[in-house]
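Next come the chains, spelled out residue by residue.
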Amino acid sequence: MSGSVNSDAAKQTFDEFVDSTQEYLDSVVVDGSDQELFIASYLTGHFSLVTSNALALDDYSLATLNSYMLTSLEKAYANNEVEGQDQAQVSALWGKLFAKAER
C-alpha cells in the first residue's frame, strides 16, 4: 500500500508541502509589501481550510489538495471575493507554491 494516498510516505510528503507552503506564506508577513500581504493572507485562508479538510479525510494526495484548492478559489472568484489583478495574483501565487510540490 505504499502508493496509497494515506500511506506514511504520502503523509510525509503532504506534511512537508504544507509546512513549506505555510512557512512561505508566513514569511510574507515579515518581508512582503502590503499587496503581497493581502494576497498571501487571502490564500492562507483557503489553504488552511482545504488542508484541514484533507487531514480530516486522511487524504494526503497533493493532486487532490490542488484540485480542492482550485475549486475553492474558483468559487470565491465566482462570488467576487477578489477581482481583477488580485485574483490573478492569488492564482499565480498558488501556482508558484504548488509547482514546488511537483518537483
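For the structure itself, look to the data block above.
Let me begin by describing the structure that accompanies this report. Predicted model, so just to flag it, every value in this text is computed and none were measured.

Each helix and strand counted, the chain has four helices and zero strands in total. Overall, the C-alpha framework of the chain stretches about 45 × 30 × 25 Å when taken along its three principal axes. Evaluated residue by residue, the chain yields a buried proportion of 35% over its 103 residues. The long-range share in the chain, meaning contacts at least 24 apart out of those at least 6 apart in sequence, stands at 73%. Roughly 6,100 Å² of accessible area belongs to the chain as shown, and the carbon and sulfur atoms make up 51% of that amount. Counting 5 positive and 16 negative side-chain charges, the chain places the averaged centre of each group 5 Å from the other.

Before going further, it helps to spend a moment on the packing of helix α1 (residues 8-31) against helix α4 (residues 84-101). Interhelical geometry of α1 versus α4 gives an angle of 145° and a closest axis separation of 10 Å. Seen from above, α1 lies across α4 with right-handed handedness. Residues Phe17, Thr21, Tyr24 and Leu25 of α1 touch α4, and the partners they reach there are Leu93, Trp94, Lys96, Leu97, Phe98 and Ala101. Residues of the contact of α1 with α4, tallied by class, amount to eight nonpolar, one polar and one charged.

Okay, the nonpolar core next. With 26 residues, the main nonpolar core has Leu43, Phe47, Leu73 and Trp94 as its most contacted residues. Every element with two or more residues in this core is listed here: α1, α2 (34-56), α3 (62-78) and α4. Setting aside residues up to four positions removed in sequence, Trp94 forms contacts with Phe17, Leu43, Phe47, Asn66, Met69, Leu70 and Leu73.

Evaluated as defined, the whole model comprises one salt bridge. Between Asp15 and Lys11 there is a salt bridge, and its shortest N-O distance comes to 2.8 Å. Remark: Lys11 and Asp15 occur in helix α1; sequence separation between them is four residues, near one turn of the helix.

A rise of 1.5 Å per residue sets the reference length of α2, with its 23 residues, at 33 Å; its end C-alpha atoms lie 33 Å apart and thus fit the reference within 8%. Of all the residues in α2, the buried ones are Ile39, Ala40, Tyr42, Leu43, Thr44, His46, Phe47, Val50, Thr51 and Ala54. Backbone geometry just after α2 places Asp58 at a positive phi near 55°.

This part covers unusual backbone geometry. Its identity as a non-glycine residue notwithstanding, Asp58 has a phi of 55°, on the positive side. The topology assignment puts Asp58 in the loop between α2 and α3.

Moving on, we get to the side chain of Thr51. As for its placement among the helices and strands, Thr51 is situated in helix α2. With sequence-adjacent residues up to four places away left out, Thr51 is seen in contact with Phe14, Val18 and Leu65.

What counts and what doesn't
- Residues numbered from 1 in each chain as written.
- Predicted model: local features only at pLDDT ≥ 70, side-chain atom pairs only at ≥ 80, totals over all residues.
- Heavy atoms only, no water.
- Helix = DSSP H or I, 4+ residues; strand = E, 2+ residues; numbered from the N terminus.
- Buried < 20%, exposed > 50% of the residue type's maximum accessible area, 1.4 Å probe, protein only.
- Contact = heavy atoms within 4.5 Å.
- Areas by Shrake-Rupley, 256 points an atom, 1.4 Å probe, with all protein chains shown as cover.
- Lys, Arg positive; Asp, Glu negative; His and termini not counted.
- Charge placed at Lys NZ, Arg CZ, Asp CG, Glu CD.
- Axes fitted to C-alpha atoms, helices over the stretch in contact; angles between N-to-C directions.
- Left-handed = near helix turned anticlockwise from the far one by under 90°.
- Nonpolar A, V, L, I, M, F, W, Y, C, P; charged D, E, K, R; others polar.
- Core = buried A, V, L, I, M, F, W, Y, C linked by side-chain atoms within 4.5 Å.
- Salt bridge = Lys/Arg side-chain N within 4 Å of Asp/Glu carboxyl O.
- Expected span 1.5 Å × (residues − 1).

By themselves these figures say nothing about function.
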